[in-house]
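Spelled out, the chains give:
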Amino acid sequence: MMLKEGERLDDLQINGLKIIQNARLYTFTSDSVLLANSVKASPRTKAVDLCSGSGIVGILLAGKLNAGRVDLVELQPSMCDMAERSVELNGLSDRVKVHNVSVQRAPEILGKAAYDTAVCNPPYKKEGSGPDERPEHIRLATTEIALTLKETVAAAAELLKYGGRFYLIHRADRLAETAYELSAAGLEPKKMTLIVPKAGKEPDTVIFEAVKGGKVGLKTSVITVYDESGNYTERVKQMYGAKESK
């Protein structure tokens with residue numbers, strides 16, 4: 001397989017999985033790995049990954065967690081192209097499909113109430129929240145230019161079956177807004193995991209697990225990414241596939 005200009009091949013260090021990345025476009029962060037490893041999946045799971053980017057979450061769902069079917073939804077053609085080649089490289093083309101469509105149109109194209117699981121690492125930043133001179137393709141991935149939080153949640157609610165689960169990661173300073181939008185759309189938050197970037201710091205992101213039609217009742221937990229020495233904590237090492245230290 002030939003890489004295109006500016007691309008590199010990253011080893012995901014689990015089950016031989018690899019992914020194509022391009023630093024000039026948009027590369028995945030630890031947020032995506034933490035999100036993927038929060039999902040419960042099995043060979044019977046039909047999942048949809050919204051805002052899939054280069055395909056990291058979907059590839060982990062299929063290649064690590066063994067989800068039976070994963071549909072990737074991504075607006076930007078350049079990211080879809082990389083994702084498709086990564087899927088093929090990992091031998092997952094029979095179970096993972098890339099769709100170059102907007103999240104808003106995904107329910108009508110992929111089917112309403114068609115999925116057991118939905119996941120999303122959406123744009124975090126509200127449009128108009130400050131000057132941003134970055135290229136448009138970066139702003140599309142990180143700012144709510146083409147997709148708002150409300151639209152993301154609405155699409156997930158339509159795509160999921162009754163009882164289906166939605167896993168969403170977002171900024172901690174938008175926690176209350178995110179919880180409200182989920183509940184208002186009929187996706188009841190059941191688990192909330194605060195992500196602390198380093199021991200002694202405040203949480204910067206939060207992962208919600210919400211159930212369509214679920215009853216009220218929320219459990220909380222905390223994941224610390226780095227310890228005081230700047231090394232991954234044991235829990236995060238296990239998420240990345242490393243063996244626990246003795």
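Residues numbered from 1 in each chain as written. Predicted model: local features only at pLDDT ≥ 70, side-chain atom pairs only at ≥ 80, totals over all residues. Heavy atoms only, no water.

Peer 1: Which parts of the structure should I look at to understand the overall build of the protein chain?
Peer 2: For the protein chain, the count of helices and strands is eight helices and ten strands. For 246 residues, the compact-globule estimate of 2.2 N^0.38 gives 18 Å, and the C-alpha radius of gyration of the protein chain, at 17 Å, lies within 12% of that figure. By its C-alpha atoms, the protein chain is 50 × 45 × 45 Å across when sized along the principal axes. For the protein chain, with 246 residues in total, the buried portion stands at 48%. Long-range contacts, defined here as pairs at least 24 residues apart, represent 68% of the contacts in the protein chain between residues at least 6 apart. (Helix = DSSP H or I, 4+ residues; strand = E, 2+ residues; numbered from the N terminus. Rg over C-alpha atoms; globule rule 2.2 N^0.38 Å. Buried < 20%, exposed > 50% of the residue type's maximum accessible area, 1.4 Å probe, protein only. Contact = heavy atoms within 4.5 Å.)

Peer 1: When you look at the pattern of salt bridges in this model, what are you seeing that I'm missing?
Peer 2: Where charged atoms from two side chains of opposite charge approach closely, those side chains can pair. Applying the stated rule across the entire model yields 16 salt bridges. Across the pair Arg 8 and Asp 10 runs a salt bridge, and its minimum N-O distance is 2.9 Å. For Arg 8, a relative accessible area of 37% translates into the label partly exposed. Since its relative accessible area comes to 18%, Asp 10 is described here as buried. (Salt bridge = Lys/Arg side-chain N within 4 Å of Asp/Glu carboxyl O.)

Peer 1: Just checking my understanding: could you explain the sheet that holds strand E5 (residues 96-99) for this structure?
Peer 2: Strand order in the open sheet formed by eight strands is E5-E4-E3-E6-E7-E9-E8-E10, with mixed pairing between adjacent strands. The sheet is open, and its two borders are formed by E5 and strand E10 (219-226), each paired with just one other strand. Here the strands of the sheet are splayed against their neighbours by 15° on average, with no regard to which way each runs. Where strand E7 (residues 160-171) lies against strand E9 (residues 205-212), seven bridges are found, and the strand directions are antiparallel. (Pairing = 2+ DSSP bridges. Axes fitted to C-alpha atoms, helices over the stretch in contact; angles between N-to-C directions.)

Peer 1: What is the right way to read the side chain of Glu 7 from this model?
Peer 2: Structurally, Glu 7 can be placed in strand E1 (residues 7-11). Given a relative accessible area of 14%, Glu 7 falls into the buried group. Of note is the side chain of Glu 7, whose polar atom sits 2.5 Å from the side chain of Arg 85. If we ignore the near neighbours within four places in the chain, the residues touching Glu 7 are Ile 20, Gln 21, Asn 22, Met 82 and Arg 85. (Polar contact = N/O pair within 3.5 Å; in protein donor to acceptor, adjacent residues only side chain to side chain.)

Peer 1: What am I meant to see in the pairing of strand E8 (residues 187-198) here?
Peer 2: Along a regular strand, successive side chains alternate from one face of the sheet to the other. Taken together, the eight bridges between E8 and E9 define a ladder with antiparallel strand orientation. Across the sheet, residue Ile 195 finds its bridge partner in E9, namely Thr 205. Joining the antiparallel neighbours E8 and E9 is a turn of six residues, in which Gly 200 adopts a positive phi near 95°. Note: E8 against E10, seven bridges, orientation parallel. For Val 196, the partnering residue across the bridge sits in E10 and is Thr 224.

Peer 1: Please explain the layout of surface pockets as it appears in this structure.
Peer 2: Picture a little ball the size of a water molecule; that probe, rolled over the atoms, points out where space is still empty. If you add up the space inside the largest pocket, you get close to 560 Å³. Lining the largest pocket we find 33 residues, and of these Cys 51, Asn 121, Pro 122, Pro 123 and Ala 141 sit closest to its centre. Here the lining of the largest pocket gets four residues from one element, more than from any other, and that element is helix H5 (residues 136-142). Class assignment of the residues belonging to the lining of the largest pocket gives a composition of 17 nonpolar, 13 polar and three charged. (1 Å grid on protein atoms, 1.4 Å probe; cavity = no way out; pocket = protein on both sides within 12 Å on 5 of 7 lines; lining within 4 Å. Points joined across faces, edges and corners; volume = space filled by probe spheres on them. Nonpolar A, V, L, I, M, F, W, Y, C, P; charged D, E, K, R; others polar.)

Peer 1: Is there a simple way to think about a nonpolar patch on the surface in this case?
Peer 2: A surface patch of nonpolar side chains, amounting to about 210 Å² of accessible area, comprises Leu 3, Leu 9 and Leu 89. Note on placement: Leu 9 falls in strand E1. For Leu 9, a relative accessible area of 36% gives the class partly exposed. (Patch = residues over 30% accessible without salt bridge, like charges linked within 9 Å, V, L, I, M, F, W, Y side chains within 5 Å. Areas by Shrake-Rupley, 256 points an atom, 1.4 Å probe, with all protein chains shown as cover.)

Peer 1: Looking at this structure, I do not really get unusual backbone geometry. What am I missing?
Peer 2: Peptide bonds are trans in most cases, and residues, glycine excluded, mostly fall at negative phi. You will see that Asn 66, though not glycine, has its phi angle at about 65°, which is positive. Looking at the element boundaries, Asn 66 is found in the loop between helix H2 (56-63) and strand E4 (69-73). Judged by its relative accessible area of 38%, Asn 66 is partly exposed.

Peer 1: Please clarify how the packing of helix H6 (residues 149-159) against helix H7 (residues 175-184) should be interpreted in this entry.
Peer 2: Two quantities define a packed helix pair, namely the angle between the axes and the distance from one axis to the other. With their axes 9 Å apart at the nearest point, H6 and H7 run at an angle of 35° to one another. For the element pair H6 and H7, the recorded crossing hand is right-handed. Residue-level inspection shows Leu 149, Lys 150 and Val 153 of H6 in contact with H7, the latter providing Glu 177, Thr 178, Glu 181 and Leu 182. Residues belonging to the contact of H6 with H7 are distributed by class as follows: three nonpolar, one polar and three charged. (Left-handed = near helix turned anticlockwise from the far one by under 90°.)

Peer 1: Before we go on, may I ask you to explain the side chain of Ser 54 in this structure?
Peer 2: With respect to the element layout, Ser 54 can be found in the loop between strand E3 (46-50) and H2. A relative accessible area of 3% places Ser 54 in the buried class. In terms of polar contacts, Ser 54 uses its side chain to reach the side chain of Gln 21, at 2.8 Å. Aside from chain neighbours lying at most four places away, what touches Ser 54 is Ile 19, Ile 20, Gln 21, Met 79, Met 82 and Ala 83.

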